[in-house]
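An overview of the molecular structure
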Amino acid sequence: MRIRQGGYDDLRAILETGLRINSRVRPEHMVVAEDDEGNLAGFAYCFLSGLHRERYWVTTRVCDGYRREGLGTDLVRELGKVRDEDKPFYVKMREDNPALEWIRSFGGVDFQVCPPMTLELTDTATVQWLEALPADARVVPGTALTDDQLVHSFSAMYEWVHEDWSPVTSRADVERVYAEEIRKDLNRELSHFAVVGDDVVAGVFVFGTPAGEALDAVAETITRDAPDGDAALAGCVRAAARLAAERGWAQLAFDGHRDDPHLYPLLAGAPALTGDSMYYMEYEPPRD
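Residues numbered from 1 in each chain as written. Predicted model: local features only at pLDDT ≥ 70, side-chain atom pairs only at ≥ 80, totals over all residues. Heavy atoms only, no water.

So, about the packing of aromatic side chains. Tallied over the entire structure, the rule returns 17 aromatic pairs. Where Y158 meets Y178, the ring centres are 5.2 Å apart and the plane angle is 45°; that geometry is what we call tilted. Linking Y158 in helix α5 (residues 147-162) with Y178 in helix α6 (residues 171-185), this pair joins segments that are 20 residues apart in sequence. Its relative accessible area of 12% is what places Y158 among the buried residues. Of note, R104 hangs over the ring of Y279, and the distance from its end group to the ring centre comes to 5.5 Å. (Phe/Tyr/Trp six-rings, centres within 6.5 Å; stacked < 30°, edge-to-face > 60°. Helix = DSSP H or I, 4+ residues; strand = E, 2+ residues; numbered from the N terminus. Buried < 20%, exposed > 50% of the residue type's maximum accessible area, 1.4 Å probe, protein only. Lys NZ or Arg CZ within 6 Å of the ring centre and 35° of its normal.)

This is the structure in structure tokens:
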């Protein structure tokens, strides 16, 4: 077995093995493992996000016949040697992913967790809990806001939510990355926002999903210390969830984090939350 530097010239061979690779991502560094006959046995690549640059995002894949032999660890070790900057690696994975224990085996630790945060909108106890949340007269649907208000509000919220554990390069970069998605994919009718004067203080951004799947939502106060932030966010969640249920949606899944200071404590009071935990794992590549 030999490990060499690789690149996009290896894409065809990777796909022919049946291994998955995101062809829309251009790796900064890549290593490829080949067996003694020159057959591709696995690969690993890394890159720094254009938005979050404290850690390298790493993907590692090994063909079935070569797993559980240490090849994945060897690939990560070699990848660590060719990175431009001495920054840690990271990956995001579900709690049932067996690779989670593999990452932990060489010192990986979670630096953020996305707990189960899906509300079952047809559950009687959940409906009662939603009805008990404060109704806020300031809450309006997304149809009442302009494109610029929605984009600026989302970007401000995203920036402060991530600043303690995965800071962004700039607010302008957040807008550049997410503006088109917000303009095109946001369900403005189901999304709800608390507004004081001309300021959006909290919001539930609901994004379009195929029928039969859970609705995806991103929610928090727009600034860390928004006035009456807890009540404002609760009013938005109540309004968005009630309307989603009226429109026939069975689940509202929030993309949030255990450290979200307003959203997670609010949802933790619900009778039940479903879904899988997701772990952001940080680790140093193994040394020789």
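Our next topic: unusual backbone geometry. Although it is not a glycine, R68 adopts a positive phi angle of roughly 60°. With a relative accessible area of 85%, R68 lands in the exposed category. Despite not being glycine, D228 has its phi angle at roughly 50°, a positive value. Of note, D228 is situated in the loop between β11 (215-221) and α7 (229-246).

Relative to the elements of secondary structure, R77 occurs in helix α2 (residues 71-82). The residues contacting R77, other than those within four sequence positions of it, are P286, R287 and D288. (Contact = heavy atoms within 4.5 Å.)

Attention now moves to the nonpolar core. With 33 residues, the main nonpolar core has L119, L121, W129, L130, V204, V237 and F254 as its most contacted residues. Among the elements of the structure, α4 (124-132), β10 (199-207), β11, α7, β12 (251-254) and α8 (263-268) are those that each provide at least two residues to this core. If you tally residues by element for this core, the top one is α7, at nine residues. Residues in contact with V204, not counting those within four places in the same chain, are S191, H192, F193, A217, V218, A219, C236, V237, A240 and F254. If you look at the next biggest cluster of nonpolar residues, it comprises 23 residues, including V31, Y56, V58 and L79. (Core = buried A, V, L, I, M, F, W, Y, C linked by side-chain atoms within 4.5 Å.)

Within the fold, E220 resides in strand β11. Sequence separation between E220 and V196 is 24 residues, and the spatial gap between their C-alpha atoms is 16 Å. When neighbours within four sequence positions are excluded, E220 is seen to be in contact with M157, W160, V161, A202, G203, L233, D260, P261, H262 and L263. In terms of polar contacts, E220 uses its side chain to reach the side chain of T221, at 3.2 Å. (Polar contact = N/O pair within 3.5 Å; in protein donor to acceptor, adjacent residues only side chain to side chain.)

Everything listed here is a matter of geometry and, on its own, says nothing about what the molecule does.
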